[in-house]
Structure formats: C-alpha cells, structure tokens
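Residue strings, one per chain:
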Amino acid sequence: MCLAIPMRIVEMDGVTAVAEVDGVARKVRLDLLPEVVLGDYVLIHAGLAIARVDAAQAEETLSLLRTLAAADEVY
Amino acid sequence: MKTKHILLSHGAGGREMGRLIEQVFLARYGAGGKPGDDSAVLTLGGGQLAFTTDSFVVAPLFFPGGDIGRLAVAGTVNDLLTAAARPLALSASFILEEGLEIETLMAIAGSMRDTAAECGVAIVTGDTKVVPKGAADQVFITTSGVGEVVRPGVSGAAARPGDRVILTGTVGDHGAAVMLARENLLQGGGLASDVAPLTDLVLTLLAEGIEVHAMRDPTRGGIAASLNEIARQSGVAITIEESRVPVQPGVAAACEALGLDVFQVANEGKMLIFVAPGDAARALEVVRSRRYGQDASLIGEVLPGPPRRVQVRTLLGTTRLLDPPAGELLPRIC
Amino acid sequence: MKFIDEFRDRELVQDLSRRLGRLAAGPATVMEVCGTHTMAAARFGLKSLLPPGVRLISGPGCPVCVTAQADLDAFLALGRTPDTVLATFGDMVRVPGSRTSLERERARGAVVRVVYSPLDAVDLAREQPGKTVVFFGVGFETTMPATAVAIKSAAALNLDNFLVLCVHKTMPAAIRALLAGGELKISGLLLPGHVTTIIGAAAYDFIPRDFGVPGAVAGFEPVDMLLALEAILRQLQEGAARIDNVYPRAVQAQPNPRAAALLDEVFAPSDAEWRGLGVIPGSGVTIREAYARFDARVRFPEVWQELPPAPPSACRCGEVLRGALRPSQCPQFDKSCNPTQPLGPCMVSSEGACAAAYRYERR
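Only a predicted model underlies this, so the values are computations on that prediction, with no experimental measurement involved.

Rules of the game
Residues numbered from 1 in each chain as written. Chains lettered and ligands numbered in written order. Predicted model: local features only at pLDDT ≥ 70, side-chain atom pairs only at ≥ 80, totals over all residues. Heavy atoms only, no water. Pairing = 2+ DSSP bridges. Helix = DSSP H or I, 4+ residues; strand = E, 2+ residues; numbered from the N terminus. Axes fitted to C-alpha atoms, helices over the stretch in contact; angles between N-to-C directions. Expected span 1.5 Å × (residues − 1). Buried < 20%, exposed > 50% of the residue type's maximum accessible area, 1.4 Å probe, protein only. Core = buried A, V, L, I, M, F, W, Y, C linked by side-chain atoms within 4.5 Å. Domains from an automatic or database assignment. Contact = heavy atoms within 4.5 Å. Buried area = accessible area lost by both parts, 1.4 Å probe. Salt bridge = Lys/Arg side-chain N within 4 Å of Asp/Glu carboxyl O. Polar contact = N/O pair within 3.5 Å; in protein donor to acceptor, adjacent residues only side chain to side chain. Nonpolar A, V, L, I, M, F, W, Y, C, P; charged D, E, K, R; others polar.

**Student:** Would you take a moment to explain the sheet that holds strand 1 (residues 28-32) of chain C for this structure?
**Tutor:** Backbone hydrogen bonds are what pair the strands of a sheet, in a parallel or an antiparallel way. All names here are of chain C. As summarised here, the arrangement of the 5 strands in space is 2-1-7-8-9, forming an open sheet in which the pairing is parallel. Both edges of this open sheet fall to strand 2 (54-58) and strand 9 (243-245), since each of them pairs with a single strand only. For this sheet, the mean angle separating the axes of adjacent strands, direction not counted, is 25 degrees. The pairing of strand 7 (residues 188-192) with strand 8 (residues 215-218) spans 4 bridges and is classified as parallel.

Structure representation (structure tokens):
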C-alpha cells in the first residue's frame, strides 16, 4: 500500500498545505513533517505528506549511477 | 459468486461489458454485420449506409472542455467515421429527470447545435421523456446517426499484419478531466476533456486516398480496450511503443497519483487508425495538418501473431502485455 | 527535477541490468512484500531485466489481498445498516468477501464512496450529519498516519457520525512470522520504501540478525528496484546479511518521530488476522480507548456477533501468499478463478500474484 508521488508544496497554512505537480494539485496535511517549507518536494500518500524528498540525495544517487554507466560504456 | 445483477463494471467498456453484450444481446439479436464494430453497415440502393447509436450518461453534465451535449454529438459522429462514413444526420432522444432546470437543457441543446454545425451534421429528429425525480441522473441522451460509407470495407476485422497504427493525439484527457471533476480526489488544474468530432480529419485522410483498413475511437476503456478489440476481431497481434504514445504531463501526473493506467483512460476526441505500411508516413502528415490531429503519432504496428495479443514496449525497452481492462476505472493507493 | 523520470531513465536501467548480470552468481529468489512493488515490476517489465536464475516473487504485501474475509464481511454488513455511507479506497471495491463485495452491495443500494484520503471521509461525515460514515482503514504503516490524522480531526470537529473500521496491519511482524514459519526459501527481501519512511530502516534489523537474510529498502521506480536487487546480490556475493537503504532520498534509519507519536496516541498494537495466513501476533492495531467513539467495532459490536460463518472456499490464496504454492499450481487457477470472476484476493488485485500470473504465464 505504497503509492505515493512526489509533489511540490505551493501553499502552506500551518499543518494544511497545497501540493502540486504538472498542474495537478491536492490539499494535503503536513502533520508528519514540521520542517517542510514552500517549494519542497514531498511524497503524498492518501492526502498526507509522508516524507520530504531530499533533492541532494537524489542528485547524488543519479550522479553516481551516471558515472558508472559512462564507465561501463567504455567497455 | 455468479453475477445476477447489473454492476457499474458492466458499463465500463471492459471484459464484463463485452460478456454482457454477448450473453444478453448478441445471443438474441444475432451478430449483424461485423460484430464488434461501432457502426453497422447496411446496403441501401447502390451504396452503403452506416448506422450507429450511443447513450450518454456522464456526470457532471458540464466538465472542463465540454458537456454531455457535445459528447453526444461527437461520440456518435466519431462512431460513424470509424466505418469510413460521412455523417449525415443524427437523432437525439432525451430522458430528463423531473426538476432539471430548463436553462441547463438549453445550454446542452445549444452545445449540440454548435458541435453539429462544426462538423456539418444535422440533428433531424428526436424524442423527449420525463421521469420522476430520482429515476435518472438529470439528463440521459441517446443519439443515433446515419452516414454514407465513402470507403467500403473499413472495419475492426480488417487490420492486417504490417499495418501501422496512428493515434491522432494525446490520451487520457477526457477520463482524467471527468474523474477529477466528478470526484473529490485531486484538483485538475488545466485538465480538460478532448471531446471533439473528427469528421474533417477522417474524411480528409480518406479523400487523400490513404489506404485505411481499420479505425476505432478509444472511448471507455481507453486504447487498451480498442486495441484488444481490433486484435480480437482481426485475429492479429499488435505492438505499441510506449514512448510514442503522447500524454499531457497533467494527465500523466493525475494517473500516477491515482494509480491509473493511462492506456485504460477514456478519450472522446481521438482516433486509432490502422493504415497500410506504405501510406503510414503520408497519413501521419495529413492527420497532423488537420484540426484535432496536431499531436498525432505513429504508435505501433500489427504483427501476424500470436493472435489477439496486444503488447507494449515500455520506456525501458522491456515488453509487457496490455490486457483488456476489467472493471470500472478506480483510483488505488496500493 | 521531479524525481520520477530521472529514476526511469532507460540508460541507467540498462546499465543496472548489465551490472546485475555480472553480479549474479547462481539462482536467487528475492521476495518483495508490497503490492506497489508488484505493480511496478509488472508495469515496467522488470522481470526481463533480471539475470537468468534471479527471480522476484510477491509476498503478502498487498493489504487488499490480506484483509481477512470476516473483516470485509463485517464492513459489507455495515453497508446494510440504514443511513450508512461506506467510505473506502478504490482498491477494495471489487474484492470478494465470503458472499458479496462492495461492488455488488452498491448495486443492491448500499452507499459506497471511493475516497483518496480518510480525511475526505471526514469531510463526507461533516457534509452529511444525518448519515454515519464508516471508513475502511486498510493499509500498512504508510497509510496508518493518515487514518490517525483523520480520527483526530473528527475529534477536533466533535463529529459523532464518523467511524473507522480499523484493519490496518504492520509489516515487520508479518515478515517475522513468514521467516519464522520456515516454509519460505528466499535469498533476500525487497523492503517497502514508503512503509519505511514511517518506521525507519532499523525496524528491519531483525531480518539479517535473527534469520541471516539480506534485505534492501527500495523505492518504486525501476532504478530504485534494480538498485535494491543489486544491493542484495552484492550481499549474497559477500556472504553477508544486512539491511541496505537504497532509497536515501526519502528513507532514514530512524522512524519519523511525529508519526510514531501520532500512531501511539491513536492506536494500540494488537494481533491481526491475515487472509490466508491466519492470526499473526502483534501485526495489527486497534483504536485506543480515548478514541473509542470513532471505532466501528465499538459502535456496532452486533455486526461481528451476527456474522454467519464463512462458507468453505476453494481459494488457496494463503498458500500462494506464503510462497508455498505457485498460482499455476492452484487447481482453481484459470478454471473457476480468473480476473473477471475472482475467488480470492490474489486474483482481484490486478497485480496480485495470481492476476499477474494469469496475464504473463498463461499465454
């Protein structure tokens, strides 16, 4: 039961917020993530933000994978 | 658990509806011309007449991009076009729920007039019935249409190995827009139905002499339903390239959020066109030059077998089967 | 970056697939325990990217699949109570109970509303004071916090017509029961990334420690799942067993403290019955006393008392979920049980083990 998509917080009012991606929006609750700020990407599941998406971590993972893939191509 | 009552899934355009039609109607009426086609083709004098009917029960009545009236005209016009027929005339029958505002009905009728004028078809006859409050959901519209077949033999049973499959534009627009307008799930931003009559697009293609074998408008059940229908009727296999199926970002996002397969989501202004391989490039050019066809894409081809199998080559280059949809389209959280 | 397309990148996926091929040293069976992983694997055709001999199988991670018949029967029975609105996630609508389903009850006049969030069910209750809205609380730890927030929200609004039938289940206890059962022969576990955003990766430390089985916490895009498989194959190569977090952009080792507090405030751990697996101790939750006025079991105890015993069913989903039977080995498979007329949950959920096998192994 894990369908959750990354959406960006575009409005915030205490524990209620509006999250949006590609023009689709939803009012969501931020009860689990006090540290979230406007512009953050969060995973939304059943109307609740369950985790903040760490862009730096994501970039690091992708960067490493791209390096490995490029190295592979040499062979 | 055998089904004894009609369920919503019987109207969803998938497996259950197919079985219901076979077991209740075809078993009693016979299969008529080519079973499975959206229009029946009848011989009249020296030519052929295409004849079709459709009922429209959409809620809400007015949604971003259109309304039930435009849907009723475009839907039946498009069904006639799948038989390569020039739409001539429509009938329009209304079942109205007691209490419906007459202004609402006027708006719907006006929309039907505008859509009919857009594609040069006349609404020539009709009927009106009123039922007590609660016996219908505001308005149900049934349109029947007749058209003059301009190219005989175009049928869902006529797709051949080697044919290329053209999709005239983005998928999932209508189903996503309506679901979001009806249910309190997400706010749809710029999502709008694609509802449109495709007369100009199809008739131009035929006038250009393009060798068209089959056409289908992928309504309920999406392209998954239509591709499987044609694969079954023609006894062929079809392969689709996922990366070539155009999807608007907002529609893709809504489907991701709700766990919907965009290939199963309804369209009301699109056509799947099966053309002979030699004509594919020119056909694509023609479609792209016409209104409602600007995002057309060549999405796949017909293979000799295994018969009735529809497969998708995913974005990753892997292959998966595309089954006919089963049940109503429901959002998931799993 | 929107964090989806980048993790579906074809080149990265092909490269990962090649690396898996070089890493694999013999047959390996990895079990995923999340319906969303089953769905993702099927949607992206991941099977064909795995090296020969490496299999990905589905465990009991689909909450739809593992909701006990009696619980579903009770929810359906509530739908026959006058002035009741049944609110549910879409996933449950076609699941067969012993005799009927939400879909069929709706055809008989039950009011069934599909919601995206339990908070939407609270809104329904507010908008219809004359009706009792009962929300079916299905799902694992990913979903439980949403239900907890909904219950607290109903409390703050002083609603007396919002109820939850809580059948939420917890992952670690179920995994422990599966591994302790001894029937399961797996090389590693693909762990559900979104459940882990709530409970923290350390919750799975018992898996390598007590059972010597490798694990990797995985996200749901193709790159995520292949990274997790790579981590497991590497552990196998090293002869090691640990929990690798390969979803660091969303998951930490420690649980989300707000979630932990919220869940503890609203729910108490309990035993739970899993369809096909029986009762697993400590694998469920009940609503605490302080919120008992929102508990459907407390408001309608007679519904359980009056439930007729379930008729014997030929369904063998339990064995399939435990990995003891392959779908194609079930005598009902493709005979009396198929996606249009499913006997049990594995066939209803479109990517339940049997439904997936029906699609990919039949032809």
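**Student:** So what exactly am I meant to see when it comes to helix 3 (residues 102-119) of chain B here?
**Tutor:** Owing to its 3.6 residues per turn, the α-helix aligns residues three or four sequence positions apart on the same side. Residues and elements named next belong to chain B. For helix 3, built from 18 residues, the straight-helix expectation of 26 Å at 1.5 Å per residue is met to within 8% by its first-to-last C-alpha distance of 26 Å. Of all the residues in helix 3, the buried ones are Thr104, Ile108, Gly110, Ser111, Met112, Thr115, Ala116 and Cys119. Looking one or two residues beyond helix 3, the residue adopting positive phi is Gly120, at roughly 70 degrees.

**Student:** How should the nonpolar core be read in this particular structure?
**Tutor:** A general trend in soluble globular proteins is that nonpolar side chains are found buried together. Counting residues in hydrophobic clusters, the biggest one holds 200 residues, and the most contacted among them are Leu227, Ile238 and Phe274 of chain B together with Phe162, Ile175 and Ile207 of chain C. Take this core: its biggest share by element is 9 residues, from helix 11 (residues 222-238) of chain C. Residues Val178, Val202, Leu205 and Ile273 of chain B belong to the second largest nonpolar core, which totals 46 residues.

**Student:** Just checking my understanding: could you explain the domain arrangement of chain B for this structure?
**Tutor:** Split by domain assignment, chain B resolves into domain 1 (1-30), domain 2 (37-149) and domain 3 (156-321). Taken over C-alpha atoms, the centre of domain 1 of chain B sits 23 Å from the centre of domain 2 of chain B.

**Student:** Mind showing me how you'd approach the interface of chain A and chain B here?
**Tutor:** How big an interface is tends to be reported as the loss of accessible area on association of its parts. Of the residues lining the interface, 12 residues belong to chain A; the matching set on chain B comes to 19 residues. Contact between chain A and chain B buries roughly 1200 Å² in total, counting both sides, with carbon and sulfur atoms accounting for 66%. Linking chain A with chain B are 0 salt bridges, by the criterion used here. Remark: the boundary between chain A and chain B carries 4 residue pairs in polar contact (both at pLDDT 80 or more). A total of 4 residues in the side of chain A that touches chain B trace back to one element, the largest contributor, which is strand 3 (residues 24-29) of chain A. Partitioned by chemical class, the residues of the side of chain A that touches chain B number 7 nonpolar, 2 polar and 3 charged.

**Student:** I would appreciate a short explanation of the side chain of Arg275 of chain C in the present structure.
**Tutor:** Residues and elements named next belong to chain C. Looking at where Arg275 falls in the secondary structure, it is placed in the loop between strand 10 (267-274) and strand 11 (278-287). For Arg275, the side chain forms a polar contact with the main-chain oxygen of Pro96, separated by 3.1 Å. Beyond its immediate chain neighbours, meaning those up to four positions away, Arg275 contacts Cys65, Val66, Thr67, Ala68, Gln69, Val95, Pro96, Leu321, Leu343, Gly344 and Pro345.

**Student:** Explain the interface of chain C and chain A to me, please; I cannot follow it from the model alone.
**Tutor:** Contacts between the two partners involve 49 residues from chain C, matched on the other side by 37 residues from chain A. At the boundary of chain C with chain A, total buried surface from both sides reaches about 3500 Å², with 66% on carbon and sulfur atoms. Together, Lys2, Phe3 and Tyr116 of chain C form the three largest contributors to the area buried by chain C at its contact with chain A, with a combined 17%. Along the contact surface separating chain C from chain A lie 3 salt bridges. With a shortest N-O distance of 3.4 Å, Asp123 of chain C and Lys27 of chain A are connected by a salt bridge. At the boundary of chain C with chain A, the tally comes to 9 residue pairs in polar contact (both at pLDDT 80 or more). Elements represented by at least two residues in the side of chain C that touches chain A include exactly helix 1 (10-23), helix 2 (35-43), helix 6 (118-127), helix 7 (144-156), helix 9 (193-199), helix 11 and helix 12 (257-266) of chain C. The dominant element in the side of chain C that touches chain A, judged by the number of residues it contributes, is helix 1 of chain C, at 6 residues. In terms of residue class, the side of chain C that touches chain A is made up of 28 nonpolar, 11 polar and 10 charged.

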